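Next come the chains, spelled out residue by residue.
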Amino acid sequence: MSASTTAPASLALSRVPPRRSVIDGALARFGDGLRRYGWIIRAVQWLIVAVYAVLVIVPALLPLPDNAAHIWTNLTLAAQFAFWGIWWPFVLVSMVLVGRAWCGVLCPEGALSEFASRWSRGYAVPRWITWQGWPFVAFAGTTVYGQMTSVYGYPKPVLAVLGGSTLAAIVVGLLYGRNKRVWCRYLCPVNGVFAVLSKLAPVSFQVDSAAWAVSPKPVGGTESFNCAPLVPVKTMRGAGACHMCGRCSGHRGAVRLALRSPNHEIVRVAGEEPSLDQTMLILFGMLALAVGAFQWSSSPWYVDAKQWAATWLIERGITWPLEHSAPWFVLTNYPDRNDVMTLLDGGLLLAYIGAATIVLGLALSGIVALATLSLGGWSLRRFHHLTQTLIPVAGCGVFLGLSALTVTFLRGDGIVIPYVAEIRTALLAGASLWSVWLAWQVAGLAVGGVRRVAAAACIAGAAALSVANWVLLFWIW
């Protein structure tokens, strides 16, 4: 390589603070270690698969716990706490901290799907699987079904939701993409949420396109690694699809694990990769549908609607919606626990979540549209870009909704977490300010002055609307 080629890199390195250089070096070596010791990752995955299988299957075969049972004495309660009190809330946190490392290193569903794909029929992936609407549809479907069947409180719905998802992942692995994770790439119910949250991670595998271009090609023109989630590594600019497994680390001297600004991907990359499916997921899914799903059981509006509907039906002699339910795998039905959803309950649940999705989704879309127009005329690309700035407050809301289960489980066993209200307040305030700061930076790419202030103010309004929903749930209702 000529001196003219290496000089800019040398100058760039000379400007890197020594401490940052040390951290980058350590991260690069860690990424290489993930590739070199991949067998350890596989062993850990199989250990997690075993624990996962026990926690999903065994509680569904046991009697429901009595009132004297505790998390540390009853497997069913322990499994519920593991899944809904620890696993899901803090997997979301891990996406913001270290990207999709959970997916590539620990996820049992991904491991089983890839393992099954060793014997795949190798069929071409059909168009219906690659449909871009799956992130929203899968998230909405599992969220609503979980509420209908009380998945957080009973083991059989857990087996239906998590076990069914895992079985589907294995079947997809057996049909499509040899040694690949087709399920994870397109159909996983949380793939979309993980993809948007990982954009905030301060570490990621990064590709030096210049180094890739000048490096010698692998012998025979074949790749020296298998990217199971089907990421086009050569052109990868963000962390949304990368599973952080490290298999590509060091490839052609161009791929390495490194630090980056948590704002970088949203500000500098998202605007060049507009995504309607992510916009729908953020505005109508994480900021709207999820709110309705967490709110409905505590909402006085739901209670008032139920009383009005029941009265209206009784006055007309129509009582069957109040008297009949459905099997447990359709609606919650545990008469021994005095926990039965009637058909009226189920219908109003769907109506409440549907109304929250439409009303909040449209309101938020309108606010983001105003932010877009304030920057000097309509631009769909800019609309999608500004929507991405709401990822911090959207992710915070979903985390708080799930972590409320953590608090509830522990409180049921007499363990009180101190300063819960203060922690929630700090998280909502911090996430909102982060979203506004991102909006300020994104708006600054287009204009300055009053228009920039107006766009940031609109996003602040969208964040305030999101926060108001959680204030209702945690402090008013």
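Structure: above.
Residues numbered from 1 in each chain as written. Predicted model: local features only at pLDDT ≥ 70, side-chain atom pairs only at ≥ 80, totals over all residues. Heavy atoms only, no water.

Novice: Any chance you could explain the overall build of the protein here in plain terms?
Specialist: Secondary structure assignment for the protein yields 21 helices and four strands. For a compact globule of 477 residues, the expected C-alpha radius of gyration is about 23 Å, and the protein comes in at 24 Å, within 12% of that figure. The principal-axis extents of the C-alpha atoms in the protein amount to approximately 90 × 60 × 45 Å. Counting only residues that meet the buried cut, the protein has 51% of its 477 residues in that class. (Helix = DSSP H or I, 4+ residues; strand = E, 2+ residues; numbered from the N terminus. Rg over C-alpha atoms; globule rule 2.2 N^0.38 Å. Buried < 20%, exposed > 50% of the residue type's maximum accessible area, 1.4 Å probe, protein only.)

Novice: Where do I start with empty space enclosed by the protein in this structure?
Specialist: Empty pockets left among the atoms are what a rolling probe the size of a water molecule brings to light. Applying the stated criterion across every chain, the model contains three cavities of 30 Å³ or more. Approximately 610 Å³ is the volume found for the largest cavity. Every residue lining the largest cavity is counted, 35 residues in all, and those nearest its centre are Trp84, Trp88, Thr142, Pro189 and Val190. When its residues are assigned to classes, the lining of the largest cavity shows 26 nonpolar, six polar and three charged. There is about 100 Å³ of room inside the second largest cavity. What lines the second largest cavity is a set of 14 residues, among which Cys227, Cys242, His243, Cys245 and Cys248 lie closest to the centre. Residues belonging to the lining of the second largest cavity are distributed by class as follows: 10 nonpolar, three polar and one charged. (1 Å grid on protein atoms, 1.4 Å probe; cavity = no way out; pocket = protein on both sides within 12 Å on 5 of 7 lines; lining within 4 Å. Points joined across faces, edges and corners; volume = space filled by probe spheres on them. Nonpolar A, V, L, I, M, F, W, Y, C, P; charged D, E, K, R; others polar.)

Novice: Is there a simple way to explain unusual backbone geometry in this structure?
Specialist: Negative phi values dominate among residues other than glycine, just as trans dominates among peptide bonds. Phi angles above zero are rare outside glycine, and asparagine 179 is one such case at about 60°. Mapping asparagine 179 onto the fold places it in the loop between helix 9 (155–175) and helix 10 (182–187). The phi dihedral of methionine 244 falls on the positive side, at around 55°, and the residue is not glycine. Residue placement: methionine 244 occurs in the loop between helix 12 (209–214) and strand 2 (255–259). On the basis of relative accessible area, methionine 244 is assigned to the buried category, the value being 7%.

Novice: Help me understand helix 6 (residues 108–116) in this model?
Specialist: Side chains three or four residues apart in an α-helix point the same way, a direct result of the helix having 3.6 residues per turn. Burial runs high along helix 6: eight of the nine residues are buried. Every buried residue belonging to helix 6 is among Pro108, Glu109, Gly110, Ala111, Leu112, Ser113, Glu114 and Ala116, and all of these are buried. Next to the buried residues of helix 6 lie helix 3 (38–61), helix 5 (101–106), helix 9 and helix 10. (Contact = heavy atoms within 4.5 Å.)

Novice: Please clarify how the layout of surface pockets should be interpreted in this entry.
Specialist: Approximately 1,100 Å³ is the volume found for the largest pocket. Taken together, 36 residues form the lining of the largest pocket, with Tyr152, Gly153, Leu405, Thr408 and Phe409 sitting closest to its centre. Looking at the lining of the largest pocket, the elements with two or more residues in it are helix 4 (75–98), helix 8 (134–148), helix 14 (276–295), helix 19 (391–412) and helix 21 (449–476). When residues in the lining of the largest pocket are grouped by element, the largest group, eight residues, is from helix 19. Looking at the lining of the largest pocket, you find at least three residues from each of domain 1 (22–199) and domain 2 (280–298 + 306–313 + 325–476). What the second largest pocket holds in volume is close to 780 Å³. What lines the second largest pocket is a set of 31 residues, and nearest its centre among them are Arg185, Gly240, Ala241, Glu273 and Gln278. Contributions of two or more residues to the lining of the second largest pocket are made by helix 8, helix 10, helix 11 (191–197), helix 13 (264–269) and helix 14. Taken together, the residues of the lining of the second largest pocket sort by class into 14 nonpolar, 10 polar and seven charged. (Domains from an automatic or database assignment.)

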